[in-house]
Amino acid sequence: MALAAPANPLRALTWPRPRSLNLVKPLEMALKRLGDAWSSRKGELYKRLCDESPLFREEGEKAERTRRMRSDGATNLIALLQALLASCELASGFIGRPAAGGWDRFPWAVLDVRAYGAVVPNGRSFRRTQRWVRTLKGAGLLTISEIRVPQADGSIKSVVAIKSLTAALFKLLNLTQAVAQARRLRDRRRGEEARRLVEQSI
């Protein structure tokens, strides 16, 4: 009797959370809610993310229908979403990291590895991330603003896009109040910094 081919261990990958990761409490709560939804495969959060997934046509255009994901697809989607949450600023949803004078944007290649680990030739490709990005964007949970810079020779150069998690996602994760509080704190700090700079210039 022929033996069944072994399952591809890279078909479904859970999020490889970095051990040194230290997040604010609301984001930790969001990651736990996603983990619980993935474990139970039920509840409103899992239903919204994985049982009502938007369909796309070949050219990437969103269709009117939704579908229920397979188990491996749900695992991969939640892994990507966990990586995006762990890489965002709570107050704005902006995906990046603090830098001098602002935030640096993460390219998709970095977020792909953060979500699933290193790409494995003939096992796991970047196309997985591209697929679930389309799903999150189509569901209104992620926005992407492409940036194209005109060059001296008349060509157009694309740079790292602005990516943000939306208010709809934070509402789904019960983080609306936490986001509002983080924004108030951020604005207060900015105001204090502005006053300090004014006082120094006098």
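Computed from a prediction, not measured in an experiment: that's the story for all the values here.

### Overview of the nonpolar core
Counting 48 residues, the largest nonpolar core has Leu-49, Leu-85 and Leu-165 as the members making the most contacts within it. Ranked by the residues each element gives to this core, the list is headed by helix H3 (residues 71–85), at nine residues. In this structure Leu-49 touches Leu-34, Met-69, Leu-77, Leu-81, Leu-141 and Leu-172, once residues within four positions along its chain are discounted.

### Observations regarding helix H5 (residues 127–138)
Here H5 spans 17 Å end to end across twelve residues, near enough to the 16 Å set by a 1.5 Å rise per residue. In the stretch just after H5, Gly-140 is the one whose phi turns positive, near 80 degrees.

### Considerations on the pairing of strand E3 (residues 96–99)
Taken residue by residue, a regular strand's side chains alternate between the two faces of the sheet. By the bridge criterion, four bridges tie E3 to strand E4 (residues 102–105) in an arrangement that is antiparallel. Bridge pairing links Gly-96 to Arg-105 in E4. Once E3 ends, the chain turns through two residues before running back antiparallel as E4, passing Gly-101 with a positive phi of about 80 degrees.

### A look at the layout of surface pockets
Here the second largest pocket is characterised by a volume of approximately 620 Å³. Around the second largest pocket, the lining is made up of 24 residues, and of these Cys-88, Glu-89, Leu-90, Pro-98 and Trp-103 lie nearest the centre. Those elements that provide at least two residues to the lining of the second largest pocket are E3, E4 and helix H7 (176–201). Per-element accounting of the lining of the second largest pocket gives the leading share, five residues, to H7. Residues of the lining of the second largest pocket, tallied by class, amount to 13 nonpolar, five polar and six charged.

How each quantity is defined
All chains use their own residue numbering, which begins from 1 and follows the written sequence. Side-chain atom pairs in this predicted model are given and counted only at pLDDT of 80 or more, local residue features only at pLDDT of at least 70, and totals for whole chains, interfaces and linings cover all residues. To get the side-chain values, all heavy atoms of the structure are used, and hydrogens and water are removed first. Take the buried residues of types Ala, Val, Leu, Ile, Met, Phe, Trp, Tyr and Cys, join any two whose side-chain atoms come within 4.5 Å, and each joined set is a nonpolar core. Using a 1.4 Å probe on the protein chains alone, a residue whose accessible area is under 20% of its type maximum counts as buried, one over 50% counts as exposed, and one in between counts as partly exposed. Every helix listed is a DSSP run of H or I at least four residues long, and every strand listed is a run of E at least two residues long, numbered separately from the N terminus. Contacts were defined at the residue level, with two residues in contact if any of their heavy atoms lie within 4.5 Å. Any helix carries an expected span of 1.5 Å times its number of residues minus one. A strand pair is defined by DSSP finding two or more bridges across the two strands. In the cavity and pocket records, a cavity denotes points on a 1 Å grid over the protein atoms alone where a 1.4 Å probe fits but cannot get out, a pocket denotes an open set with protein on both sides within 12 Å along at least 5 of 7 lines, and lining residues are residues with an atom within 4 Å of a point. Grid points are joined across faces, edges and corners, and a volume is the space filled by probe spheres set on the points. Only Asp, Glu, Lys and Arg are considered charged in this grouping, and only Ala, Val, Leu, Ile, Met, Phe, Trp, Tyr, Cys and Pro are considered nonpolar; every other residue, Gly among them, is considered polar.

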